[in-house]
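Observations on the three-dimensional arrangement
The chain contents come next:
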Amino acid sequence: LWPWLLASSGLSALVQLVTLPFFPDSPSYLLIQKGNEEACRKAIRKLWGEGDHQAEIDDIMKEKGAMASTKTLRVLEVIKERSLRWQLYILMTVMTTLQLCGINAVECSLSKFEEYLIPYVSLGVGLCECLSSILCSTLIDRFGRKVLLWGGYTLMCSVLALLTMTLSLQHRFFWMHYFSVILIFLFVVFYGIGP
């Protein structure tokens, strides 16, 4: 069953590969990058139907003007620019903590379970990732990114501490496997909502 389940993801890739040539190019790409206003109008009509879409074209032209007035910086220039220093520090901190948060360790801990549990845990992790992306899209507008980052990392630390205890005790108590699985699911949800 697993080879078929794994191969099923190729079905969506095949559908995209076959249907992609029939989709129009992005109107903003056609107007800003290519400079082709007629192709932009044609793409807008194909996407939104007939009608007066001059307001959308004017918005794209404003965006093109704003992009023309901004200077593209090289990496070294970004590092040297004082006005961007705090944004760079924040970005580096978030990316470093994202790499060191423990999601890879949790996924590797799946091998510590009984052989019959591993497929169910893998399926549950995938479902938790879907659930967390749905939750994140609704929660980010309500609480903001900063609260979700702090809360996600705090809850992930707590779950990792509990998971360490349950994994070390799973040979003493038969029910500890199931508690560890629940903690892994919670960790994945907190990872998806937070970082």
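Residues numbered from 1 in each chain as written. Predicted model: local features only at pLDDT ≥ 70, side-chain atom pairs only at ≥ 80, totals over all residues. Heavy atoms only, no water.

Keep this limit in mind: UniProt positions are given in the numbering used here, feature names are shortened, and annotations may be inferred rather than shown by experiment.
Under an unreviewed UniProt entry, the name given to the chain is GTR7 protein, and the source organism is Climacteris rufus. Taken from UniProt, the Subcellular location (unreviewed entry) comment for the chain reads in full: "Membrane".

**A short note on the pattern of salt bridges**
Heads up, the rule is: Within this document, salt bridges are pairs made up of a side-chain nitrogen of Lys or Arg and a carboxyl oxygen of Asp or Glu, the two lying within 4 Å of each other. By the criteria applied, helices consist of DSSP H or I runs no shorter than four residues and strands consist of E runs no shorter than two, each listed in order from the N terminus. Exposed residues in this analysis have more than 50% of their type's maximum accessible area, buried residues have under 20%, and partly exposed residues fall in between, with area computed by a 1.4 Å probe over protein chains only.
All chains considered together, the criterion is met by two salt bridges. Note that Glu-37 is salt-bridged to Arg-41, the shortest N-O span being 2.9 Å. Of the two residues, Glu-37 and Arg-41 are both situated in helix H3 (residues 37-48); the distance of four residues between them amounts to about one turn of the helix. For the salt bridge of Arg-45 with Glu-38, the shortest nitrogen-to-oxygen distance reads 3.7 Å. Assessed through its relative accessible area of 31%, Arg-45 is described here as partly exposed. You can call Glu-38 exposed: its relative accessible area is 52%.

**Focus: the UniProt feature "transmembrane region" (unreviewed entry) in the chain**
Sequence positions flagged by UniProt for "transmembrane region" (unreviewed entry) are, in local numbering, residues 6-24, 88-106, 118-140, 147-169 and 175-193. A helix fraction of 84% and a strand fraction of 0% characterise residues 88-106, whose end C-alpha atoms lie 29 Å from each other. In this annotation, residues 175-193 is assigned 95% helix and 0% strand; the end-to-end C-alpha distance for the span is 28 Å.

**Focus: helix H9 (residues 145-169)**
Note the cut-off: Here a helix's expected span is defined as the number of its residues, less one, multiplied by 1.5 Å. For this analysis, residues touch if any pair of their heavy atoms sits within 4.5 Å.
Relative to the 36 Å expected for 25 residues at 1.5 Å per residue, H9 spans 36 Å between its end C-alpha atoms, a close match to the ideal helical length. Of all the residues in H9, the buried ones are Leu-148, Leu-149, Gly-152, Tyr-153, Met-156, Val-159, Leu-163, Thr-166 and Leu-167. In this structure, the buried residues of H9 make contact with helix H6 (85-99), helix H7 (103-108), helix H8 (118-143) and helix H10 (176-193).

**A short note on the domain arrangement of the chain**
For an interface, size is often stated in terms of accessible area lost upon the parts coming together. Where we set the bar: Residue ranges assigned to each domain were obtained from an automatic or database domain assignment.
According to the domain assignment, the chain contains domain 1 (1-69) and domain 2 (76-193). For domain 1 and domain 2, the distance between their C-alpha centroids amounts to 34 Å.

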